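# Notes for the structure review
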Amino acid sequence: MSRLLLTVARRLFVQPSVTTCLEYRCNKKHAVSCREAILDDYQDVMAIAEVYQGRDYLPSKYEAWIKSDNIKCYVALVNDDIAAFSAGHIIDNGETAVRLAGRVKDTYQRQGVVRTLGRFIRKQFSSSGLIKFDTFATASLTYDPSKDISSKILYKETFVKNILAYRFKIKDLKISSNDMKNMPSSFQMTDMEAIFSSDATCKHLFPNKRFLTDWVPFRLLSSNIDDIIKPDTLMLATSGHDRPNNDVISTFLTTSSHFPCKIGLAYNVNVFGDDVTELPQHILMHLENMRQISSDPEVVISLFVVTPENIVRADIDRYLCDTNISRYRDAEQFTKKRVFERPFSE
């Protein structure tokens, strides 16, 4: 599908206006009304719940999401009280809806509010007539799709990646000029287009046929590149030109994303490729990027390194120890990213 058709798909993804709410009775206690979120809802949405152990990305993205053409935000209200929130990101030429940043107040847990909001959102999604897949990524190790009653069609786990969590202050980093040799090269949008166009490279770097950045699993389509690459994204590639690689353009790839959070600065390194010996130089460049992003040496960095599941965690810890970075053991909630998908149904 062309980018023109993708634009049309996004415009077809129309929600009711703020004054138009759909009301459901989710149980005998609560009548729940659902609508599109607006900028003025910011404080009420942020007050719903503390999530992600101080690493909540929604506060820094909320305004941009509200104004976005392909990310839509929704709230559920009980007696005019905003009780739950969820966003939907439309990707893959308008064919995939990704659930993001969902949360519900403790007082409305397990009372049908989330299910009601989900049903409302699926109704909005269906207005485009294009969506084929319903997907999300989660760090929950206990999520069991067989117990998800939001639809008769069950989610299936499509792939898993490891999360390695680290926490440190900028001032404590140890990087010498001697370390900054034989660095990987940065790449741009045209390079990504070449990678997505190379079957051999995609098979090598993306065996699951997805580009997972943060919590969004993009299919390997050129129309997704604008969403994948942001102005502040650092993208690094190791070329395999010096080794037999069967036409693989790049043998190892990392991309970054970052946002302010309650901890300080959240920084994510997304790893593609399974040769862990390539990783140290990539990480060093990302650490230097963190220094440039934050001029305050006291700022706390919450670093997530997201790797293929077959990479041994101890190997990465060993490579990072020379930089004075050690694993953050209190981040037990974040050890895996699990991606689920099912056919879309209203």
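What comes next concerns the included structure. (Residues numbered from 1 in each chain as written. Predicted model: local features only at pLDDT ≥ 70, side-chain atom pairs only at ≥ 80, totals over all residues. Heavy atoms only, no water.)

## Notes on the layout of surface pockets
Space inside the largest pocket adds up to approximately 1,600 Å³. Together, 47 residues line the largest pocket, and Arg99, Gly102, Arg103, Val114 and Tyr143 are the ones closest to its centre. Taken together, the elements giving at least two residues each to the lining of the largest pocket come down to β4 (81-91), β5 (96-104), α4 (113-125) and β6 (133-138). If you tally residues by element for the lining of the largest pocket, the top one is α4, at 8 residues. Residue composition of the lining of the largest pocket, grouped by class: 24 nonpolar, 11 polar and 12 charged. (1 Å grid on protein atoms, 1.4 Å probe; cavity = no way out; pocket = protein on both sides within 12 Å on 5 of 7 lines; lining within 4 Å. Points joined across faces, edges and corners; volume = space filled by probe spheres on them. Helix = DSSP H or I, 4+ residues; strand = E, 2+ residues; numbered from the N terminus. Nonpolar A, V, L, I, M, F, W, Y, C, P; charged D, E, K, R; others polar.)

## Some points on α4
Taking 1.5 Å of rise per residue, 13 residues should cover 18 Å, and α4 covers 18 Å from first to last C-alpha, within 8% of that figure. Of all the residues in α4, the buried ones are Val113, Thr116, Leu117, Gly118, Phe120, Ile121, Arg122, Gln124 and Phe125. (Expected span 1.5 Å × (residues − 1). Buried < 20%, exposed > 50% of the residue type's maximum accessible area, 1.4 Å probe, protein only.)

## Regarding the pairing of strand β3 (residues 71-78)
Look at any regular strand and the pattern is simple: side chains alternate between the two faces of the sheet. With 8 of 8 residues buried, β3 lies mostly within the body of the structure. Side chains of β3 alternate between two faces, with Ile71, Cys73, Val75 and Leu77 and Lys72, Tyr74, Ala76 and Val78 buried alike. With 5 bridges connecting them, strand β2 (residues 31-36) and β3 associate as antiparallel partners. Looking across to β3, one finds that Glu36 is bridged to Tyr74. In terms of strand pairing, β3 meets β4 through 8 bridges, oriented antiparallel. Counted as the bridge partner of Ile71 is His89 from β4. (Pairing = 2+ DSSP bridges.)

## Description of the packing of aromatic side chains
Enumeration according to the criterion identifies 17 aromatic pairs in this entry. Measuring from centroid to centroid gives 6.3 Å for Tyr57 and Phe259, while their planes differ by 75°, and the two rings are edge-to-face. One end of the pair, Tyr57, is in the loop between α2 (42-46) and α3 (58-67); the other, Phe259, is in strand β12 (residues 250-260), and 202 residues separate them in sequence. Here Tyr57 falls in the buried class, since its relative accessible area comes to 7%. (Phe/Tyr/Trp six-rings, centres within 6.5 Å; stacked < 30°, edge-to-face > 60°.)

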